[in-house]
Amino acid sequence: MIHEILPVGPLQCNCSIFGDEQSHEALVVDPGDEIGEIQAILDRHELQLKGIIITHAHIDHIGGAAKLKKLSGAPVYMNENDMELTAQLDVQAGWIGVEPPEKPDIDVMVRDGDIVALAKQPFHVLHTPGHTQGSISLHIPSENKLIAGDTLFRDGIGRTDLPGGDSRQIIVSIKERLLALDDGVIVIPGHGPETTIGREREMNYFLRGL
Ligand SMILES: [Zn+2]
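Worth saying up front: this structure is predicted, and the values here are computed from it rather than measured.

Asks: I would appreciate a short explanation of the packing of helix H1 (residues 35–44) against helix H3 (residues 65–72) in the present structure.
Replies: Each pair of packed helices can be summarised by the angle the axes make with each other and by the distance between the axes. The N-to-C vectors of H1 and H3 enclose an angle of 40°; their axes lie 10 Å apart at closest approach. Put simply, H1 runs oblique to H3. Remark: the crossing between H1 and H3 carries right-handed chirality. When H1 is examined against H3, the residues Ile-35, Ile-38 and Gln-39 are found in contact with a partner set consisting of Lys-67, Leu-68 and Leu-71. Within the contact of H1 with H3, the residues separate by chemical class into four nonpolar, one polar and one charged.

Asks: Where do I start with the coordination of the zinc ion in this structure?
Replies: Octahedral metals with six donors have ideal donor angles of 90 or 180 degrees. Tetrahedral metals with four donors have an ideal donor angle of 109.5 degrees. Here the zinc ion is held by His-56 (NE2), His-58 (ND1), His-131 (NE2) and Asp-150 (OD), and the distances to it run 2.1 to 2.4 Å. On the primary sequence, the residues serving as donors to the zinc ion are separated as H-x1-H-x72-H-x18-D. Of this pair, His-131 sits in the loop between strand E8 (121–127) and strand E9 (136–140) while Asp-150 sits in the loop between strand E10 (145–149) and strand E11 (152–153); the two residues are 19 residues apart in sequence, bridging distant segments of the chain. The exposure classification of His-131 matches that of Asp-150, with both residues buried.

Asks: Help me understand the sheet that holds strand E6 (residues 108–109), please; the structure alone is not making it clear to me.
Replies: Whenever strands of a sheet pair, they do so through backbone hydrogen bonds, lying parallel or antiparallel. The sheet built from six strands is open, its strands ordered E1-E2-E3-E4-E5-E6 with mixed pairing. Among the strands making up the open sheet, the edge pair consists of strand E1 (2–8) and E6. Here four bridges tie strand E2 (residues 13–19) to strand E3 (residues 25–29), and the two strands are oriented antiparallel to one another. Residue pairing for E3: Phe-18 is matched across the bridge by Leu-27. Strands in contact with H1 are E1, E2, E3 and strand E4 (48–53); relative to E1, the strand with the most contacts, it is inclined by about 165°. Running at roughly 155° to E4, H3 makes contact with E3, E4 and strand E5 (76–78) of the sheet.

Asks: How should I be thinking about the environment of Phe-206 in this particular structure?
Replies: Position of Phe-206 among the secondary structure elements: in the segment after helix H7 (197–203). In this structure Phe-206 comes out as partly exposed when scored by relative accessible area, which is 43%. Considered as a pair, Phe-206 and Ile-171 are 35 residues apart in the sequence and their alpha carbons are 8.5 Å apart. Setting aside chain neighbours within four positions, we find Phe-206 in contact with Asp-155, Gly-156, Ile-157 and Ile-171.

Asks: Looking at this structure, how should I read helix H5 (residues 89–96)?
Replies: One turn of the α-helix equals 3.6 residues, which is why residues spaced by three or four share an orientation. Within the sequence span of H5, burial applies to Leu-89, Gln-92 and Ala-93. The arc that holds every buried residue of H5, seen down its axis, measures 105°, which confines them to one face. Among the structural elements, helix H2 (59–62) and helix H4 (83–87) are those in contact with the buried residues of H5. Positioned one or two residues after H5, Gly-97 has a phi angle of 70°, which is positive.

Asks: I'm lost on the environment of Leu-6 in this one. Help?
Replies: Note that Leu-6 resides in strand E1. Here the alpha-carbon distance between Leu-6 and Lys-145, two residues 139 residues apart in the chain, equals 16 Å. If we ignore the near neighbours within four places in the chain, the residues touching Leu-6 are Cys-13, Asn-14, Cys-15, Ile-17, Glu-37, Ile-38 and Ile-41.

Asks: Help me understand the nonpolar core in this model?
Replies: For soluble globular proteins, the rule of thumb is that nonpolar side chains tend to be buried together. With 28 residues, the main nonpolar core has Ile-17, Val-28, Ile-38, Leu-42, Leu-49 and Ile-52 as its most contacted residues. By residue number, the principal contributor to this core is H1, which donates four residues. Ignoring anything within four residues of it in the chain, the contact list for Leu-49 reads Ala-26, Leu-27, Val-28, Leu-42, Leu-68, Ser-72 and Ala-74. Val-110, Leu-118, Val-125 and Ile-147 belong to the second-largest nonpolar core, a separate cluster that totals 15 residues.

Rules and cut-offs
Position labels on residues start from 1 in each chain and follow its written sequence. Side-chain atom pairs in this predicted model are given and counted only at pLDDT of 80 or more, local residue features only at pLDDT of at least 70, and totals for whole chains, interfaces and linings cover all residues. Only hydrogens and water are set aside when side-chain values are computed; all heavy atoms of the structure are taken into account. Inter-axis angles, ranging from 0 to 180 degrees, are taken between N-to-C directions of lines fitted to C-alpha atoms, where helices are fitted over the stretch in contact. Runs of E in the DSSP output that reach at least two residues are strands. Runs of H or I that reach at least four are helices, and both are numbered from the N terminus. Here the word oblique covers every angle except those under 35 degrees (roughly parallel), over 145 (roughly antiparallel) and from 65 to 115 (roughly perpendicular). For a crossing to be left-handed, the near helix must be turned anticlockwise from the far one by less than a right angle; the clockwise case is right-handed. Any two residues whose heavy atoms approach within 4.5 Å are treated as being in contact. Note on residue categories: nonpolar means Ala, Val, Leu, Ile, Met, Phe, Trp, Tyr, Cys or Pro, charged means Asp, Glu, Lys or Arg, and polar means any other residue, Gly included. A donor here means any N, O or S atom no more than 2.8 Å from the metal (3.2 Å for Na, K and Ca); water is not included, so a site may seem to lack partners. The buried label goes to any residue with under 20% of its type's maximum accessible area, the exposed label to any with over 50%, and the partly exposed label to all in between, with areas taken from a 1.4 Å probe on protein chains only. Any two strands between which DSSP finds at least two bridges are classified as paired. Working note: the arc is built from the helix axis to C-beta atom directions. Residues enter a nonpolar core if they are buried and are Ala, Val, Leu, Ile, Met, Phe, Trp, Tyr or Cys, with the set joined through side-chain atoms within 4.5 Å.

As structure tokens, then:
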């Protein structure tokens, strides 16, 4: 599977572009900004976008979704508990001082246990609320990878002081859903460098005693 990670926008959100070499189908996770760059990567690998997955509706993750949907016609997947945040994209734009982007229509409301497939490889949806109420993570067994959104970072966890955040809930999500995965699973956080479940289990200060 092709997997390119492109940090986009002023907050450098890690946008993931996944592609299947045989079918040339692609999934994009968190197209926050720089849609031209994302499209260039799709074109370079001759990929056809089949779906846009949003880990949560913060502007740096969802800001370019409407534009990418318009370009590709691909459906947008998100958890319904972030619909309120999606409606407030203009307010969020004010937080970071950027022009409000167009609000994307959400085509598929994904829930815990759902599977989004690329070619025949499943991306398992884990509902991991706490950073926002609709935060999801994606476990991709064929790649041994976890797309963690802003729930888990290398040496950190997502902030919970924004609307919809809950500091106890994010710990429960991490403990029960993410730390349940094998130590060798590679974690691609929403920002910053990748890590592994095992490294965070051992080293992450915020997870001590879990
Ligand atoms: Zn966020």
